[in-house]
Amino acid sequence: MKSHFIMRGCRVKHIYSCGFVFVSLYWFMAQALFFQVMRVEGSTDQAASKSFMFPINLDPLQFLNLEAGVWSDFKSLINATKGYSSDAIAHLKLYFAQFGYLDLPEGMIASADFDDAVEAAIRLYQQWFGLPITGILDLPTLYQLIQPRCGRADVLESFFDINDRKKTQITTGIKHYSFFPGNPVWTSKRSLTYAFSPSLETTRVSTAARTTAFAEAFAQWSAVVPLTFKEISSYDDADIKIEFADGDHSDGQPFDGMLGILAHSFSPEDGRFHLDNAEYWTADMTSEKSPFAMDLESVAVHEIGHLIGLGHSSAKNAIMFPSLSPREVKRQLVDDDIQGSQSLYGASQSFQGSTDSFQSTNQTANGVFGRFLDLWLCWFLLTIHLLASFSHA
Ligand SMILES: [Zn+2]
Ligand SMILES: [Zn+2]
């Protein structure tokens, strides 16, 4: 009787344990499913962000077929390392010097040798763009090098030492934006006017479409900082002077034809805003089919950032990131752009957004971490109850 009672008690406990095991198992499966969904979503985001920088499935043959304008000769440098010699290396040295990665005193002729200075410039470039730091001209580095881009330098004299700067970026997680030497801003006035050069105009885009594209680009910035922009007809009187120029246009920074350098503009309170007239400009990418089409408004938003005092940002999604691929449309300011401009001018009265992207990123990370904890807790409970179940069986 006693043993029967014990047997019954055991059976009840066994059933109870088994039930708990099943409940735990279902909970675990639900967690695993949820976590799998999170992981798939995360990897999709990651793939999307990587494809913006470098298409993973791009093979060397496809790369060699890419049109890169004046920088096409860089494609001959795939996997070049120290000791290699070629005219393309001399060209690359000029490129690195122009964008602040290599110190090439004015008047010095760049040699064709892949020397220590080139390797150091490549490493600096890879670090700035968040590429694997290899010191060789691998495919991801060359792919970034040939992307059409803004003519302003990435690494400016007044910047902190790039290594310290990178450390700061990693520590804070958000500050990728930069300013010009001395942090110039518009101090004499906050209501600015702009005008288009009557002689240096684009023929690719209609006047109406061009007017709208620039108005919308200026509006992006006036929505976040206390600056206003108004188009006027008098070019001479305008604070910001916009021209579509070809080749050498008398400011010591000649344009280079289609692709390559797209535009450049000057720091406050200069106001010069130049676009390369040789680009395949469009205001409407959906109706434009050319593989070389460049979105006018995307470039305008970027250059206006310079006109109000921002330098380049190493944040890939930022408007102030220096390159823009053909056919890419990137018109919206992101937190990094907004924080950079607001640290120069403060927020506009109408600005209501939050710019704390780092916090939200952290929260997302905590969310994933939390799921991990749940998963392990589930495993732990399952193991305990399985053991209890077997010991009673
Ligand atoms: Zn720029
Ligand atoms: Zn110019």
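Up top is the structure these notes are about.
The structure displayed is predicted, hence computed values, not measured ones.

Draft legend 1. Examining the overall build of the protein chain more closely. When helices and strands are counted, the protein chain shows 10 helices and 7 strands. Burial analysis of the protein chain (393 residues in total) assigns 31% to the buried set. Across the protein chain, every contact between residues at least 6 apart in sequence was considered, and the portion connecting residues at least 24 apart equals 72%.

Draft legend 2. View of the sheet that holds strand 3 (residues 240-245). With mixed pairing, 5 strands are arranged side by side in an open sheet as 2-1-3-5-4. If you trace the sheet from one side to the other, it starts and ends with strand 2 (228-231) and strand 4 (263-265), each paired once. Taken pair by pair, the neighbouring strands of this sheet meet at an average axis angle of 20 degrees, ignoring direction. Summarising the sheet, strand 4 and strand 5 (residues 272-276) pair through 3 bridges and their orientation is antiparallel. Across the sheet, residue alanine 263 finds its bridge partner in strand 5, namely leucine 275.

Draft legend 3. Local environment of helix 9 (residues 335-345). Residues Asp335, Asp336, Asp337, Ile338, Gln339, Gly340 and Ser341 constitute the buried set of helix 9. Downstream of helix 9 by a residue or two, glycine 346 has a phi angle that is positive, lying close to 80 degrees.

Draft legend 4. Representation of the packing of helix 3 (residues 87-98) against helix 4 (residues 116-128) in the model. Viewed as axis vectors pointing N to C, helix 3 and helix 4 meet at an angle of 50 degrees, and their least axial separation amounts to 11 Å. Here helix 3 is positioned oblique relative to helix 4, judged by the angle of their axes. Seen along the crossing, helix 3 lies across helix 4 with a hand that is left-handed. On the side of helix 3, the interface is formed by Ile89, Leu92, Lys93 and Phe96, while helix 4 contributes Val118, Ala121 and Tyr125. Looking at the contact of helix 3 with helix 4 residue by residue, the classes come out as 6 nonpolar, no polar and 1 charged.

Draft legend 5. Broad picture of the environment of aspartate 154. As for its placement among the helices and strands, aspartate 154 is situated in the loop between helix 5 (139-145) and helix 6 (162-172). Through-space distance from the C-alpha of aspartate 154 to that of proline 322 is 7.4 Å; in sequence the pair is 168 residues apart.

Draft legend 6. The nonpolar core, seen in detail. Ranked by internal contacts, the top residues of the largest apolar core, which has 47 residues, are Val299, Ala300 and Ile304. Residue assignment for this core shows that the elements contributing at least two residues are strand 1 (191-196), helix 7 (207-222), strand 3, strand 5, strand 7 (293-295) and helix 8 (296-307). Per element, the largest residue contribution to this core is 6 residues, and it comes from helix 8. Residue contacts for alanine 300: discarding those within four places in its chain leaves Ala213, Phe214 and Ala217. By size, the runner-up hydrophobic cluster in this structure holds 25 residues, among which are Leu124, Tyr125, Leu142 and Ile146.

Conventions used here
Residues numbered from 1 in each chain as written. Chains lettered and ligands numbered in written order. Predicted model: local features only at pLDDT ≥ 70, side-chain atom pairs only at ≥ 80, totals over all residues. Helix = DSSP H or I, 4+ residues; strand = E, 2+ residues; numbered from the N terminus. Buried ≥ 20, exposed ≤ 12 C-beta atoms within 10 Å, placed from the backbone. Contact = placed C-beta atoms within 7 Å. Pairing = 2+ DSSP bridges. Axes fitted to C-alpha atoms, helices over the stretch in contact; angles between N-to-C directions. Parallel < 35°, antiparallel > 145°, perpendicular 65-115°, else oblique. Left-handed = near helix turned anticlockwise from the far one by under 90°. Nonpolar A, V, L, I, M, F, W, Y, C, P; charged D, E, K, R; others polar. Core = buried A, V, L, I, M, F, W, Y, C linked by C-beta atoms within 7 Å.

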